[in-house]
Amino acid sequence: MSQARQVQQNSILGPMMALTAFPDESPAVVEHFFSGDITPETVGLSHTSLQNSLHFIRSQAYSVVHSLLLEKQTRSIVMDFLQTVVNSNRQRAHMTYRMKDVSDDGFIVNFLSVMQQLAVRVKVNQVDPLYLHHPKCRLDVSQESRLHSSASSKELHEWKSFLCEQNKFQDIKFSTECFYMTMAAHHVGLMPAVKFYESRVKKIKQLAHFIGEMENAENADPQHQLMINNHKTRLKSLTANRLCMEASLLDKTFLSSCLQFYSSASQWMVAIISTSPHRFVLFAKCVGCCVDGWHLGGWGYVGCWNGVNCLSGCLLAL
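The following refers to the structure shown. Just so you know, the residues in each chain are numbered from 1, in the order the chain's sequence is written. In view of the model being predicted, local features appear only for residues whose pLDDT reaches at least 70, and side-chain atom pairs are presented and counted only at 80 or more, with totals across whole chains, interfaces and linings using the full set of residues. With hydrogens and water excluded, all non-hydrogen atoms of the structure serve as input to the side-chain values.

### Some details on the overall build of the protein
Phase 1: Secondary structure elements are defined from DSSP: runs of H or I of at least 4 residues count as helices, runs of E of at least 2 residues count as strands, and each element is numbered from the N terminus. Scanning the protein from N- to C-terminus turns up 13 helices and zero strands.
Phase 2: Mapped from its N terminus to its C terminus, the protein presents α and β elements in the order α-α-α-α-α-α-α-α-α-α-α-α-α.
Phase 3: Type-normalised accessible area, obtained with a 1.4 Å probe on protein chains alone, sets the label of each residue: buried when under 20%, exposed when over 50%, and partly exposed for intermediate values. The buried share among the 318 residues of the protein stands at 47%.
Phase 4: What makes two residues a contact is simply this: any of their non-hydrogen atoms within 4.5 Å. Considering only contacts within the protein whose residues lie at least 6 apart along the sequence, 82% involve residues at least 24 apart.
Phase 5: Using the Shrake-Rupley algorithm and a 1.4 Å probe, accessible areas are obtained, with residue cover drawn only from the displayed protein chains. As displayed, the protein offers around 16,600 Å² of accessible surface, 55% of which is attributable to carbon and sulfur atoms.

### A word on the pattern of salt bridges
Phase 1: Salt bridges are counted wherever a side-chain nitrogen of Lys or Arg sits within 4 Å of a carboxyl oxygen of Asp or Glu. Per the counting criterion, the structure on display carries eight salt bridges.
Phase 2: Ionic pairing is found between aspartate 101 and arginine 98, a salt bridge with its closest N-O pair at 2.8 Å.
Phase 3: Across the pair glutamate 215 and lysine 232 runs a salt bridge whose closest N-O atoms are separated by 2.7 Å. Placement of the pair is glutamate 215 in helix H8 (residues 174–216) and lysine 232 in helix H9 (residues 222–249), with a sequence separation of 17 residues.
Phase 4: Residue class for glutamate 215 comes out partly exposed when judged on its relative accessible area of 43%.

### Focus: the nonpolar core
Side chains of nonpolar character tend, in soluble globular proteins, to be buried together.
Phase 1: Put simply, buried Ala, Val, Leu, Ile, Met, Phe, Trp, Tyr and Cys residues joined by side-chain atoms within 4.5 Å make one nonpolar core. Ranked by size, the top nonpolar core spans 54 residues in total, and within it Phe111, Leu139 and Phe179 carry the most contacts.
Phase 2: At the level of secondary structure, the elements contributing two or more residues to this core comprise helix H4 (40–70), helix H5 (72–88), helix H6 (105–119), H8, H9 and helix H10 (252–274).
Phase 3: Once residues lying within four places of it in the same chain are set aside, the contact partners of phenylalanine 179 are Val122, Val124, Val127, Phe261, Ala265 and Trp268.
Phase 4: Val29, Phe34, Leu50 and Leu54 belong to the second largest nonpolar core, which has eleven residues in total.

### Details of the environment of methionine 183
Phase 1: In this structure, methionine 183 sits in helix H8.
Phase 2: C-alpha of methionine 183 to C-alpha of methionine 115: the two residues are 68 residues apart in sequence and 9.1 Å apart in space.

### Some details on the packing of helix H3 (residues 27–34) against H9
Phase 1: Between N-to-C directions, angles span 0 to 180 degrees; the directions come from axes that are lines fitted to C-alpha atoms, helices contributing only their stretch in contact. Following both chains from N to C, one finds H3 and H9 inclined at 105 degrees, their axes separated by 10 Å at the closest point. Between H3 and H9, the angle is such that the two are roughly perpendicular. Contact with H3, carried on its side by Val29, Val30 and Phe34, involves Ala240, Asn241, Leu243 and Cys244 of H9 and no other residues of that element.
Phase 2: Residue polarity is assigned by list, with Asp, Glu, Lys and Arg as charged and Ala, Val, Leu, Ile, Met, Phe, Trp, Tyr, Cys and Pro as nonpolar; anything else, Gly included, falls into the polar class. Here the contact of H3 with H9 is composed, by residue class, of six nonpolar, one polar and no charged. Throughout this description, any angle smaller than 35 degrees is read as roughly parallel, any larger than 145 degrees as roughly antiparallel, any in the 65 to 115 degree range as roughly perpendicular, and the remainder as oblique.

### Considering the packing of aromatic side chains
Phase 1: What counts as a ring pair is set by centres within 6.5 Å for rings of Phe, Tyr and Trp (its six-membered ring), and what kind of pair is set by the plane angle: stacked under 30 degrees, edge-to-face over 60, tilted for all other angles. The full count for this structure, using the stated rule, is six aromatic pairs.
Phase 2: Here tyrosine 131 and tyrosine 180 contribute two aromatic rings whose centre-to-centre distance is 5.1 Å and whose plane-to-plane angle is 45 degrees, an arrangement assigned as tilted. On the criterion of sequence distance, the pair formed by tyrosine 131 in the loop between H6 and helix H7 (153–165) and tyrosine 180 in helix H8 is long-range, its members being 49 residues apart.
Phase 3: Owing to a relative accessible area of 0%, tyrosine 180 belongs among the buried residues under this scheme.
Phase 4: Each ring, one from tyrosine 180 and one from tryptophan 268, has its centre 5.8 Å from the other, and the planes form 85 degrees; the classification is edge-to-face. You can see tyrosine 180 sitting in helix H8 and its partner tryptophan 268 sitting in helix H10, a full 88 residues away along the chain. One exposure class covers both tyrosine 180 and tryptophan 268, and it is buried.
Phase 5: The structure contains a cluster of three or more aromatic residues connected by ring pairs, namely Tyr131, Phe179, Tyr180, Phe261 and Trp268.
Phase 6: By the criterion adopted, a ring carries a charge over it if an Arg CZ or a Lys NZ lies within 6 Å of its centre and within 35 degrees of its normal. Note that arginine 58 overlies the ring of phenylalanine 254, its terminal NZ or CZ placed 5.1 Å from the centroid.

### Focus: the environment of alanine 240
Phase 1: Tracing the backbone through its elements, the reader meets alanine 240 in helix H9.
Phase 2: Taking the C-alpha atoms as reference, alanine 240 lies 7.5 Å from serine 35; in sequence the two are 205 residues apart.
Phase 3: Once residues lying within four places of it in the same chain are set aside, the contact partners of alanine 240 are Val30 and Phe34.

Written out as structure tokens, the structure is:
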């Protein structure tokens, strides 16, 4: 069993965050809410009920994590848990990955929701822009692509050595670790889940189009009609699964918190460049040598706003 699965299933906090409405993880939810006739009225009522339950689960998970972080005896253990969840799910950001090697979508989306609630009170002017290069950085970015892809490992090592020699690093604070972990959770959590949802929607459209073509074909063969009925049953099942996914992903409260974090991240990145020439030089060197693709390339100026536009579109579609 992969480390991501072990954390989800065997940790104390894992099962709480694994409570979800995603169909592949909770087929009973699909059966209960969307087994009958699907109408706009029933979908609206089902979504409201599911989202209220998800809000309660996520708020309770946040309360538990927040309370544990306030206690000195448990703070480091909880930070280790958050670190492990993010690092063990790096494969989710790849083009392809095996589901058994990573955590489920529902778990990682709930985890992201908790991280966003923790990051609400983070003041971006207290976030260290050089944290990813800190010797005690909790995030493993060694395998991530860099903006300056031609920079060799030697150049990267030299740059980090320079930072250490010049004592450029700040003392690590919770606000910095929380901010970066939330950013990483978006990278491995929300975007892969949205891509999977989009692929499911595409599959439904293709199947519906195929059924329409079969119905338009003049074929009196009973076997032909049987195939149409089988495809319609499959289409109904896929549609029910899509509606369950939408209850989790297209939740206005959840998407609003995503937009709020994206806004804070944008302010942070603009402030790094505009604060002073000295900080701009440091930032430019980071970009030139070793800032990772998911940090600035994945959703920096361009990626961040692409994410905002994507989620804004989802909000407008509701």
